[in-house]
Amino acid sequence: MKILTSDEIRLVENICFEKYSTEAELMLKAGTACFEAMTQKYDMKNKRVLVFCGNGKNAGDGFVIARLLWAYGADAKIVLCDKAPSIAEPLMYYNEALSSDVEVIGIDGVTSCDFAVDCIFGIGFHGEARAPFDTVFKKVNSLVAKVISVDTPSGTDATTGAVCENCIRADFTIAISTLKYCHVLPPANAYCGDTVTVNIGRR
């Protein structure tokens with residue numbers, strides 16, 4: 001079992017982009033693998049699913065997941081936690097979700113759901129959550145819903161295992177490619193719930 005730091009993951013990704021796959025292709029693979037993992041674990045058809053997306057690359061996985069959940073039969077919506085994406089790859093998958101009639105709402109439109117999918121931050125998070133994400137974390141944790149975190153629960157430090165105030169508490173975490181230290185080190189490991197790893201090397 002391999003466990004990598006944030007810097008090691010970035011190095012692996014850069015090698016992958018140079019030799020094997022574009023960033024957009026890898027994002028699609030990651031989103032698809034996470035969709036498959038969550039629908040294997042939970043019956044999500046006809047369920048209300050909110051996919052919380054930040055404004056970084058982790059959001060790209062979320063846009064892919066939301067589109068696939070919608071096609072699968074879930075009442076899936078994208079929650080833009082801050083603003084619409086500006087990075088090319090997430091923007092492409094955001095537009096694909098919109099073209100597939102996935103509804104987009106803001107954090108103020110969040111009321112209730114059966115599942116909350118956390119695609120707010122990825123391996124780059126450290127320190128404390130700044131506005132508006134501190135409010136978003138509180139909102140997700142207040143929901144009476146199953147919380148699914150993609151790669152790492154937002155608010156955990158992937159390398160040190162530290163957590164911020166109001167760190168998102170997941171019921172299920174889907175680690176992409178390999179475990180990170182937040183999945184095994186306290187206190188972050190207590191925020192991960194059940195954790196599985198999905199392979200996105202060959203799909």
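Refer to the structure presented above.
Quick caveat: nothing in here was measured; it's all calculated off a predicted structure. The numbers attached to residues start from 1 for each chain and follow its sequence in the written order. Where totals are concerned, whole chains, interfaces and linings use all residues; where local detail is concerned, this predicted model gives features only for residues with pLDDT of at least 70, and gives and counts side-chain atom pairs only at 80 or more. The side-chain values count all of the structure's non-hydrogen atoms but skip hydrogen atoms and water molecules.

Peer 1: Tell me about the overall build of the chain, residues and numbers included.
Peer 2: Numbering of helices and strands runs from the N terminus; a helix is a DSSP stretch of H or I covering at least four residues, while a strand is a stretch of E covering at least two. Each helix and strand counted, the chain has 5 helices and 9 strands in total. What you see in the chain, going N to C, is helices and strands ordered as β-α-α-β-α-β-α-β-β-α-β-β-β-β. In this treatment the radius of gyration is a C-alpha quantity, and the globule benchmark scales as 2.2 Å times the residue count to the 0.38 power. Against the 2.2 N^0.38 benchmark of 17 Å for 203 residues, the chain shows a C-alpha radius of gyration of 15 Å, consistent with a compact globule. Per-residue burial over the chain gives 52% buried out of 203 residues. Considering only intrachain contacts with a sequence separation of at least 6, the fraction spanning at least 24 residues in the chain is 75%. Looking at charge distribution, the chain has the averaged site of its 20 positive side-chain charges lying 4 Å from that of its 25 negative ones. Using a 1.4 Å probe on the protein chains alone, a residue whose accessible area is under 20% of its type maximum counts as buried, one over 50% counts as exposed, and one in between counts as partly exposed. The contact criterion used is simple: two residues touch if any of their non-hydrogen atoms lie within 4.5 Å. Think of it this way: Lys and Arg go in the positive column, Asp and Glu in the negative one, and His and the chain ends go nowhere. Charge positions come from single atoms, namely NZ of Lys, CZ of Arg, CG of Asp or CD of Glu.

Peer 1: Summarise the nonpolar core; cite the residues concerned and give the values.
Peer 2: The nonpolar side chains of a soluble globular protein tend to be buried with one another. Met38, Val49 and Leu69 are the most contacted members of the largest nonpolar core, which has 39 residues in total. For this core, the secondary-structure elements that each account for two or more residues are α2 (23-41), β2 (48-53), α3 (58-72), β3 (75-80), α4 (88-99), β5 (115-119), β6 (146-150) and β7 (172-176). Considering every element that reaches this core, the biggest residue donor is α2, with 9 residues. Contacts of Leu69, omitting those with residues within four sequence positions, involve Phe35, Met38, Thr39, Met44, Val49, Val51, Ala74 and Ala76. As used in this record, nonpolar core signifies buried Ala, Val, Leu, Ile, Met, Phe, Trp, Tyr and Cys residues forming a set joined through side-chain atoms within 4.5 Å.

Peer 1: I'd like a description of the sheet that holds strand β4 (residues 103-106), backed by residues and values.
Peer 2: What makes two strands pair is DSSP finding at least two bridges between them. Taken together, the 7 strands give an open sheet; going across it, the order is β4-β3-β2-β5-β6-β7-β9, and neighbouring strands pair in parallel fashion. Of all strands in the sheet, those with a lone pairing partner are β4 and β9 (194-198), marking the two edges. Between one strand axis and the next, the sheet turns through 25° on average, direction left out of account. Two elements, β6 and β7, share 3 bridges in a ladder whose sense is parallel. Within β7, the residue paired with Ile148 across the bridge is Phe172. Lying on the sheet, α2 is in contact with β5, β6, β7 and β9; it crosses β7 at an angle near 150°. Axes, fitted as lines to C-alpha atoms, cover a helix only where it is in contact. Angles between the N-to-C directions of the axes lie from 0 to 180 degrees.

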